[in-house]
Amino acid sequence: MSDKQVIAFTEGKVGVIQLNRPRVMNALNRQMVAEIVDQAEAFDRDENIRVIIMKGNEKAFAAGADIEEMMKETPLSLEMADPFSSWDRLMLVKKPLIAVVAGFALGGGFELALHCDLIVAAENASFGFPEVKLGVMPGAGGTQYLTKAMGRAKALEWIWLGEPMSVQEAAHYGIINRITAPEMVEEEAMRLAVQLSEQAPISVRLIKEAVNKAVDTPLMEGLYFERKNFYMLFDSQDQQEGMQSFVEKRRPTFKGE
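Residues numbered from 1 in each chain as written. Predicted model: local features only at pLDDT ≥ 70, side-chain atom pairs only at ≥ 80, totals over all residues. Heavy atoms only, no water.

Attention now moves to the pattern of salt bridges. Counted by the stated rule, this structure contains 16 salt bridges. As a salt-bridge pair, arginine 21 and aspartate 66 come within 3.1 Å of each other at their nearest N and O atoms. Taken together, the positions of arginine 21 in the loop between strand 2 (14–19) and helix 1 (30–45) and aspartate 66 in the loop between strand 4 (60–62) and helix 2 (67–70) put the pair 45 residues apart, joining distant regions of the chain. Glutamate 157 serves as the salt-bridge partner of lysine 154, at 2.8 Å between the closest nitrogen and oxygen. On the criterion of helical spacing, the pair formed by lysine 154 and glutamate 157 is a turn pair, its members being three residues apart in helix 7 (residues 152–161). We classify lysine 154 as partly exposed; its relative accessible area is 28%. Taking the relative accessible area as the measure of exposure, glutamate 157 reaches 37% and is therefore partly exposed. Where salt bridges share partners, they join Arg178, Glu187, Glu188 and Arg191 into one cluster. (Salt bridge = Lys/Arg side-chain N within 4 Å of Asp/Glu carboxyl O. Helix = DSSP H or I, 4+ residues; strand = E, 2+ residues; numbered from the N terminus. Buried < 20%, exposed > 50% of the residue type's maximum accessible area, 1.4 Å probe, protein only.)

Now the structure itself:
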């Protein structure tokens, strides 16, 4: 019997990564994070895959880190293992990443969702960083992602208090993209993924690069970066196909070339 903690499969041009530790609400340990990142990178390399979905189950996307594993750590063991380096690799995935969140996305689970490009959430989804109640703090990007999303004061309030955030509050701060009924959340995410998979792949990739650049750079630097990517697309066959199909009033067929 396999001891893999992640299930991966494909649906057309969409690669799906399913977290698979239901007995512990998909609590994230090092093995699971490594498997998630390895699979995301494998889908990123696969020319037949254009979009990646990451999901848990109806009760939890991931209810946090594996506390039993973390209790054994020391500053030196953490420094030597460098567990967050795996999370850094997730930031380098070029294809769109969509998180499907039903139930809890807390602590590391919330950070995992925030590492994705888009979040589709069920009406029963709950987000938050409860680490302060354990005497620690977010360590996989929570303080950075949340601050960029909602600003310093509100991020401090949420992380200091460690209280759960409803799906409506998360939507108010622009953290999630779509809300739907729990029984429809996976279908809605797949519908979005299929729409993205039909777009020009190189354009999608360079748009992701430019938008990510906008988060961390001054305006003029971001504008120059955007301009460079815009020019580069005029060397692609997809650009020729897109514009020719527009003139001919037909649906384009993009090949990622």
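There is more to say, and it comes next.
With glycine set apart, most residues show a phi of negative sign, and most peptide bonds adopt trans. At methionine 25, a position not held by glycine, the phi torsion is positive, near 55°. A residue is classified by how much of its surface remains accessible, and methionine 25, at 26% relative accessible area, is partly exposed. Phi at lysine 249 is positive, roughly 55°, even though this residue is not glycine. With respect to the helices and strands, the residue lysine 249 is situated in the segment after helix 12 (237–247).

A few words now on the packing of helix 6 (residues 142–150) against helix 7. Two elements in contact, helix 6 and helix 7, have axes whose closest approach is 7 Å; the angle formed by their N-to-C orientations is 135°. By the angle between their axes, helix 6 is oblique relative to helix 7. Seen along the crossing, helix 6 lies across helix 7 with a hand that is right-handed. Contacts between helix 6 and helix 7 involve Gly142, Thr143, Leu146, Thr147 and Met150 from the first element and Arg152, Lys154, Ala155, Trp158 and Ile159 from the second. Counted by class, the contact of helix 6 with helix 7 contains five nonpolar, three polar and two charged residues. (Axes fitted to C-alpha atoms, helices over the stretch in contact; angles between N-to-C directions. Parallel < 35°, antiparallel > 145°, perpendicular 65-115°, else oblique. Left-handed = near helix turned anticlockwise from the far one by under 90°. Contact = heavy atoms within 4.5 Å. Nonpolar A, V, L, I, M, F, W, Y, C, P; charged D, E, K, R; others polar.)

Moving on, we get to the sheet that holds strand 9 (residues 165–166). Spatially, the four strands line up as an open sheet ordered 4-6-8-9, and their pairing is mixed. Edge strands, defined here as strands with exactly one partner in the open sheet, are strand 4 and strand 9. In the packing of helix 5 (residues 108–115) onto the sheet, contacts are made with strand 4, strand 6 (104–106) and strand 8 (126–128), and the angle to strand 6 comes to roughly 95°. (Pairing = 2+ DSSP bridges.)

What follows deals with the packing of aromatic side chains. For the coordinates displayed, the defined rule picks out four aromatic pairs. Relative to phenylalanine 129, the ring of phenylalanine 110 lies with its centre 4.7 Å away and its plane at 25°, an arrangement referred to as stacked. Residue phenylalanine 110 is located in helix 5, and its partner phenylalanine 129 is located in the loop between strand 8 and helix 6; the two are separated by 19 residues in the primary sequence. Judged by its relative accessible area of 2%, phenylalanine 129 falls in the buried class. Following the ring pairs from residue to residue traces out a cluster consisting of Phe110, Phe127 and Phe129. Sitting over the face of the ring of phenylalanine 225, lysine 228 holds its NZ or CZ atom 4.8 Å from the ring centroid. (Phe/Tyr/Trp six-rings, centres within 6.5 Å; stacked < 30°, edge-to-face > 60°. Lys NZ or Arg CZ within 6 Å of the ring centre and 35° of its normal.)

Here we come to the nonpolar core. Phe127 and Ile175 are the most contacted members of the largest nonpolar core, which totals 43 residues. Among the elements that line this core, the one with the most residues is helix 1, at six residues. Those residues in contact with phenylalanine 127, other than ones at most four positions away along the chain, are Val101, Ala105, Leu106, Phe110, Ala121, Glu163, Pro164, Met165, Ser166, Val167, Ala170 and Ile176. Core analysis: the next-biggest nonpolar cluster, separate from the first, contains 14 residues, Val16, Ile53, Val100 and Ala122 among them. (Core = buried A, V, L, I, M, F, W, Y, C linked by side-chain atoms within 4.5 Å.)

Burial analysis of strand 5 (residues 97–101) places five of its five residues in the buried class, the great majority of the element. Note that strand 3 (residues 51–55) and strand 5 share four bridges and pair parallel. Pairing of isoleucine 52 across the sheet is with leucine 97, part of strand 5. Sheet topology note: the strand 5/strand 7 (residues 118–122) ladder contains four bridges and is parallel.

Split by domain assignment, the protein chain resolves into domain 1 (6–197) and domain 2 (201–247). For domain 1 and domain 2, the distance between their C-alpha centres works out to 27 Å. Listed as interface residues are eight residues of domain 1 and, on the opposing side, six residues of domain 2. Buried area between domain 1 and domain 2, summed over both chains or domains, comes out near 610 Å², and the portion from carbon and sulfur atoms is 57%. Taken together, the links from domain 1 to domain 2 amount to two salt bridges. The partner of aspartate 117 in a salt bridge is lysine 208, and the shortest N-O contact between them spans 2.9 Å. For the pair domain 1 and domain 2, the number of links is four residue pairs in polar contact (both at pLDDT 80 or more). In terms of residue class, the side of domain 1 that touches domain 2 is built from three nonpolar, no polar and five charged. (Domains from an automatic or database assignment. Buried area = accessible area lost by both parts, 1.4 Å probe. Polar contact = N/O pair within 3.5 Å; in protein donor to acceptor, adjacent residues only side chain to side chain.)

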